[in-house]
Each structure stands twice: as structure tokens, then as C-alpha cells.
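# Structural features, examined
As a plain string of letters, each chain reads:
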Amino acid sequence: PVTLFTSACELTSVMVDYDVVDIDDVAVTDLSGVDSVPPDLNIKPVGDVLGLSDMRCTVWYFEPGEEIQYHANAHQEAMYFIFEGEFSLKLGESGDEEYLDASAGSFWVAKPKIGHGHRYIGEEQGVVLSFGAPSVADPGLDPHSLADE
């Protein structure tokens with residue numbers, strides 16, 4: 001417990017839940033062995049290691065030409081950060097997509113039911129950090145089917 005002082009000078013105890021992990025200590029998961037989860041990329045499930053329950057946090061590793069296909073999440077907001085490499089992004093509602101190039105240091109987001117995907121266009125390994133909230137089973141939707149809703 002951590003002891004805090006309130007403005008009335010009362011003592012208050014608060015439990016603090018936290019953890020620290022070095023990315024080198026997170027084991028790689030090879031998605032090629034998981035039939036229900038395309039594509040066949042390597043990830044480090046940082047959020048699982050840290051015990052996150054309200055959001056997902058994953059480091060994705062891309063070789064040239066690998067991609068996350070254009071999809072939408074039913075419930076999750078998704079945020080991405082490029083650590084290494086160059087990516088071609090496809091973002092937006094079906095029929096109104098934009099194609100943008102992004103490189104190391106770039107962020108992008110997609111709200112629920114908004115299409116998003118990215119292809120690695122660099123020559124060396126690309127690395128992307130992703131966050132998704134809430135942490136729910138959200139296998140992805142076809143953005144083209146959402147245009148009729």
C-alpha cells in the first residue's frame with residue numbers, strides 16, 4: 001500500500017497495481033500456428049505478460065510485404081505506433097478509404113467499425129506497437145459489409 005495525504009491531512013492507504021517488463025523478456029508468439037488468427041506474423045503479447053484486463057497491447061513484427069488486411073473492429077478502438085520501418089496504411093470507411101504512407105515515429109488510430117489495415121513496405125524488419133480497448137474478443141468485421149448499415 002501507498003500512503004497518501006489528503007487535503008484534510010488525513011492518512012489514506014491506496015493499493016497500487018503496476019508492473020514493468022522489458023520487451024526482451026517477452027516471448028515471441030508465432031501466429032502461423034494459430035488457425036483462427038491471420039496473418040502469419042510474429043508478435044510479443046506485452047499486455048498479456050503485464051496482466052492487462054481493460055486493453056490489449058501487442059508488439060507486431062513484419063517482414064517486407066507482410067500485412068494486416070483491411071478490417072474493422074466491432075467494439076475496439078485501435079491505436080498503432082511504428083517503432084521501425086515504413087508502412088502503407090489503408091484507413092477509413094468502405095468506399096471512402098485513404099491510402100497513406102507512415103514511418104517510424106508515426107501513430108494512427110481507428111474507431112470501432114472504421115476500416116483499417118497496413119502493409120509493410122520497408123526493406124528490413126518493421127515493428128509496430130498496437131493498443132486496443134476495450135479488451136474483448138473482437139475478431140474483425142468486413143468494412144465493406146458495414147457500408148450498408
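Computed from a predicted model, the values in this text were never measured in an experiment. (Residues numbered from 1 in each chain as written. Predicted model: local features only at pLDDT ≥ 70, side-chain atom pairs only at ≥ 80, totals over all residues. Heavy atoms only, no water.)

## Some remarks on the pattern of salt bridges
Summed over the entire model, instances satisfying the criterion amount to one salt bridge. The shortest N-O distance in the salt bridge between Glu77 and Lys111 comes to 2.6 Å. Here Glu77 is found in strand E7 (residues 77–84), whereas its partner Lys111 is found in the loop between strand E10 (107–110) and strand E11 (116–120), with 34 residues between them in sequence. (Salt bridge = Lys/Arg side-chain N within 4 Å of Asp/Glu carboxyl O. Helix = DSSP H or I, 4+ residues; strand = E, 2+ residues; numbered from the N terminus.)

## Quick look at the nonpolar core
Membership of the largest hydrophobic core comes to 16 residues, with the highest contact counts inside it found for Trp60, Phe62, Ile82, Phe87, Leu89, Trp108 and Val128. Those elements that place two or more of their residues in this core are strand E5 (56–62), E7 and strand E8 (86–91). Here Phe62 is in contact with Leu41, Glu67, Ile68, Phe87, His118, Tyr120, Glu124, Gln125, Gly126 and Val128, once residues within four sequence places are set aside. Listed in part, the eight residues of the second largest apolar core include Val26, Val46, Val59 and Phe81. (Core = buried A, V, L, I, M, F, W, Y, C linked by side-chain atoms within 4.5 Å. Buried < 20%, exposed > 50% of the residue type's maximum accessible area, 1.4 Å probe, protein only. Contact = heavy atoms within 4.5 Å.)

## A look at the packing of aromatic side chains
This model, assessed by the stated rule, comprises five aromatic pairs. Ring centres of Phe81 and Phe83 lie 4.9 Å apart, and the angle between their planes is 85 degrees; on these two criteria the pair is classed as edge-to-face. Note on Phe87 and Tyr120: the rings are 4.8 Å apart at their centroids and 55 degrees apart in plane angle, and the pair reads as tilted. Placement of the pair is Phe87 in strand E8 and Tyr120 in strand E11, with a sequence separation of 33 residues. The exposure class assigned to Phe87 is buried, which follows from its relative accessible area of 0%. Given the relative accessible area of 2%, Tyr120 is considered buried. Ring pairs connect the aromatic residues Phe62, Phe87 and Tyr120, which therefore count as one cluster. The ring of Tyr70 is capped by Lys90, whose NZ or CZ atom sits 4.3 Å from the centre of that ring. (Phe/Tyr/Trp six-rings, centres within 6.5 Å; stacked < 30°, edge-to-face > 60°. Lys NZ or Arg CZ within 6 Å of the ring centre and 35° of its normal.)

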